[in-house]
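Architecture at a glance
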Amino acid sequence: MKNLKYIYLALISLSIAVSCSKFEELNTNPDTAATVPSDMIATQVMKDTWRFFNPNPTDWSNNNVWLKHTARLDNSGNIGGQYYNPYPYNGFGNFKKLTDCKKMVEYAKGLPTEASYKGLALFLKAYWGFGLTIDLGDIPYSEAGMASEGITQPKYDKQADVIAAILKDFEAAEASFATGKNFGGDIMYGGDVTKWRKLCNTMQLKVIQTISKKATAAQKSRFAAIVAANNLMTGYADDLKLAYSENPNATNAMWNGETNRIYSAGSKLLVDNLKLLNDRRLFYFLEPALSQVAPLGTKLPSDFDAYEGAPTELAPDVLALNRAANKYSLVNIRYTISRTGDPWLKTTYSEQCFIIAEAIEEGWLSGDAKAYYENGVKAQLAYYKSLTYNLTTGASGFAPMTGQAGVAHGKPIDQAYIDGYFTGAAAYAATKTDRLKQIWMQRWLIDFFQAGGSYYPTFLRTGYPVFPLDPGTSQNPEDKTKYPQRLKYDTGEQVTNPLNYKKAIDEQYGGFDGINKIPWYLQ
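Worth saying up front: this structure is predicted, and the values here are computed from it rather than measured. (Residues numbered from 1 in each chain as written. Predicted model: local features only at pLDDT ≥ 70, side-chain atom pairs only at ≥ 80, totals over all residues. Heavy atoms only, no water.)

Looking now at the overall build of the protein. The helix and strand tally for the protein stands at 21 helices and 8 strands. The 523 residues of the protein split such that 52% are buried. Of the contacts made within the protein by residues no fewer than 6 positions apart, 73% connect residues no fewer than 24 positions apart. Roughly 23000 Å² of accessible area belongs to the protein as shown, and the carbon and sulfur atoms make up 54% of that amount. (Helix = DSSP H or I, 4+ residues; strand = E, 2+ residues; numbered from the N terminus. Buried < 20%, exposed > 50% of the residue type's maximum accessible area, 1.4 Å probe, protein only. Contact = heavy atoms within 4.5 Å. Areas by Shrake-Rupley, 256 points an atom, 1.4 Å probe, with all protein chains shown as cover.)

Here's what the structure looks like:
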């Protein structure tokens, strides 16, 4: 009886074990992967990287004043970066995604796309690192994303070493893409590894030129070698850009932002230079000033003189009064009507052309700087020519905007205009000083209404175009006669990584984490 009892208990235990096993099988969704596929991780990481931080008309338009393309006309006194950056910090949040990147590569192991996802992971680390080091100075790079290895307080690497590592990672990323296959989950290039390879090379050129004051002979030689190899962007189709859609979760941030647009004007710096260049982008960017056209004025919307820019250094109450008098040209209404809008440009073929043109002018390599300058301008004009519009709602007092002519107030960019662009002030100048200014101006124009854009380090490096500054309206708390040279480290670093933070501040900036302190690359 005793033995039978044990046998019976054993059978019950076996039955329970089998039942549990079957229960787990029955409750495992066969359509759900045990791990997240690499393409899904890639999509999410890219969205986190290139999606606007808070996609709404207010934040988008406020972000555009930083580079002096636009001015805010409401009487608030502290609009985005018009007088000062109200949040002068940057942190290392992007580096937390390095863990996701490791998983992305791990889950692709043994697949034809493994090398491509490895290339993407290398590219993203370098891309994030470049933005952070230019904003801040020394950053944790060599030990970034190593919390799983027990490094929770990474050391700060010197900016020169960070730049060297970033260039190495971009180079390694290009090599990985070269051996990889087209991959899934890519919201920027559709998984096209040939375009990623070009971008990796373009980014190396951009990095080296950004640190031009400190670039070594070896880095300048590397720049020349990349250009000579010619695996670079060949047109605006290669631009790194975020395209919007009709999906409410992927809409252009200015969509339905009319109540915000009416407080956003083109800057005097922008309008005056577009007029000087006889540049028809003016008509795509802005509306004519209502005081200049019927019924208040006599000019046509297609007249350059119908457009007036707002001085960004004026006091907010003055700008608000001038707005009430319809004095300024507001941002083109087309930006608010379409959900898809214009793509958000991140790195462009035109910028690449201007980078190379400047390098030739500076003697880093031989070549035809004029051709690169003209190709860069032509590509950007052709980009606007290529956009399609069918907007059924016109601005107050203007006809609905259908097609290029409607959007551009009767002054569309066509091929004949592009071919004849390089006359007067747009013709390549006689002196090196003037030619460099032309290159920088065209590079600055790329970033119009791109939510801040990437030109600010070039402004700090070159001082051009000259951003207006009035100490009477400047809100720079450290020196009202200067523009900030950097951002400050996120205050959380003082809690989570205090010793390394203090060491970095002491060694770089004499113990003061200030916005006017000059980082290594600008010294």
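Now that the structure has been shown, the text picks up again.
Let us look at helix α6 (residues 159–179). Taking 1.5 Å as the rise per residue, α6 with 21 residues should run 30 Å; its terminal C-alpha atoms sit 31 Å apart, in good agreement. Buried within α6 we find Q159, V162, I163, I166, L167, D169, F170, A173, E174, S176 and F177. Those residues of α6 that are buried are in contact with α5 (114–136), α7 (193–210) and α8 (217–229). (Expected span 1.5 Å × (residues − 1).)

The subject of this paragraph is the packing of helix α14 (residues 349–361) against helix α18 (residues 432–446). Following both chains from N to C, one finds α14 and α18 inclined at 165°, their axes separated by 10 Å at the closest point. Classified by the angle between their axes, α14 and α18 sit roughly antiparallel to one another. Seen from above, α14 lies across α18 with left-handed handedness. The segment α14 lies against α18, with S350, E351, F354, I355, A357, E358 and E361 engaging K432, R435, L436, I439, W440, Q442, R443 and I446. Taken together, the residues of the contact of α14 with α18 sort by class into 7 nonpolar, 2 polar and 6 charged. (Axes fitted to C-alpha atoms, helices over the stretch in contact; angles between N-to-C directions. Parallel < 35°, antiparallel > 145°, perpendicular 65-115°, else oblique. Left-handed = near helix turned anticlockwise from the far one by under 90°. Nonpolar A, V, L, I, M, F, W, Y, C, P; charged D, E, K, R; others polar.)

Under the 1.5 Å per step criterion, the end-to-end length of helix α2 (residues 38–50) is 18 Å for 13 residues, consistent within 8% with the ideal 18 Å. Listed as buried for α2 are S38, I41, A42, V45, M46, T49 and W50. What you see down the axis of α2 is that its buried residues fit within an arc of 135°, all on one side. Buried-residue contacts for α2 involve α4 (98–107), α5, α7, β3 (240–242) and β5 (344–347). (Arc of directions from axis to C-beta.)

On to the packing of aromatic side chains. If you walk through the whole model with that rule in mind, you get 42 aromatic pairs. Relative to Y456, the ring of W66 has its centre 4.9 Å away and its plane inclined at 40°; by these criteria the two rings are tilted. Linking W66 in the loop between α3 (57–63) and β1 (70–72) with Y456 in helix α19 (residues 456–462), this pair joins segments that are 390 residues apart in sequence. Pair check on accessibility: W66 and Y456 agree, each one buried. Arranged with centres 6.2 Å apart and planes meeting at 65°, the rings of F95 and Y141 form a pair that is edge-to-face. With F95 in the loop between β2 (89–90) and α4 and Y141 in the loop between α5 and α6, this pair connects stretches of sequence that are 46 residues apart. The exposure class assigned to F95 is buried, which follows from its relative accessible area of 6%. By the ring-pair criterion, three or more aromatic residues cluster together here, those being F52, F53, W60, Y236, Y284, F285, Y335, W344, Y383, Y384, F448 and F449. Over the face of the ring belonging to Y141 we find K125, whose NZ or CZ atom lies 4.4 Å from the ring centre. Cation over ring: R334 sits above Y335, and NZ or CZ is 4.2 Å from the ring centre. (Phe/Tyr/Trp six-rings, centres within 6.5 Å; stacked < 30°, edge-to-face > 60°. Lys NZ or Arg CZ within 6 Å of the ring centre and 35° of its normal.)

Quick look at unusual backbone geometry now. Here the bond from A294 into P295 is cis, since omega is 10°, no more than 30 degrees from zero. For P295, the location among the structural elements is in the loop between α11 (281–285) and α12 (316–324). Omega for the bond connecting Y464 with P465 falls within 30 degrees of zero, at -10°, which places this linkage in the cis form. Topologically, P465 is positioned in the loop between α19 and β8 (488–489). Even without glycine at this site, N278 takes up a positive phi of about 55°. Within the element layout of this structure, N278 appears in the loop between α10 (268–276) and α11. Accessibility expressed as a relative area gives 43% for N278, which makes it partly exposed.

Below, the discussion takes up the nonpolar core. F123 and W196 are the most contacted members of the largest nonpolar core, which totals 132 residues. The biggest single contributor to this core is α5, with 12 residues. Listed in part, the 8 residues of the second largest apolar core include A71, L73, A265 and A310. (Core = buried A, V, L, I, M, F, W, Y, C linked by side-chain atoms within 4.5 Å.)

By the secondary structure assignment, G424 is in the loop between α17 (415–419) and α18. It is 7.3 Å that separates the C-alpha atoms of G424 and L277, two residues lying 147 residues apart in sequence.

Okay, the side chain of T49 next. Relative to the assigned elements, T49 resides in helix α2. Within the structure, T49 has its side chain in polar contact with the backbone oxygen of V45 (distance 2.8 Å). Looking at T49, its side chain comes within polar contact range of the side chain of W128, at 3.2 Å. Residue contacts for T49: discarding those within four places in its chain leaves K97, L124, Y127 and W128. (Polar contact = N/O pair within 3.5 Å; in protein donor to acceptor, adjacent residues only side chain to side chain.)

This brings us to the environment of S61. Tracing the sequence through the fold places S61 in helix α3. Here the alpha-carbon distance between S61 and A451, two residues 390 residues apart in the chain, equals 6.9 Å. Setting aside anything within four residues of it in sequence, one finds S61 in contact with T70, R72, M254, N260 and S264. Within the local environment of S61, its side chain forms a polar contact with the backbone oxygen of P57, the two atoms lying 2.8 Å apart.

So, about the confidence of the model for the protein. Averaged over all residues, the pLDDT of the protein is 90; the fraction at 70 or higher stands at 90%. pLDDT under 50 marks residues 1–34. Its contacts with residues more than four places away, or in other chains, come to 0 contacts. Segment residues 393–400 is flagged for pLDDT under 50; beyond a separation of four residues in sequence, or across chains, it makes 16 contacts in the model. (pLDDT = per-residue confidence, 0-100.)

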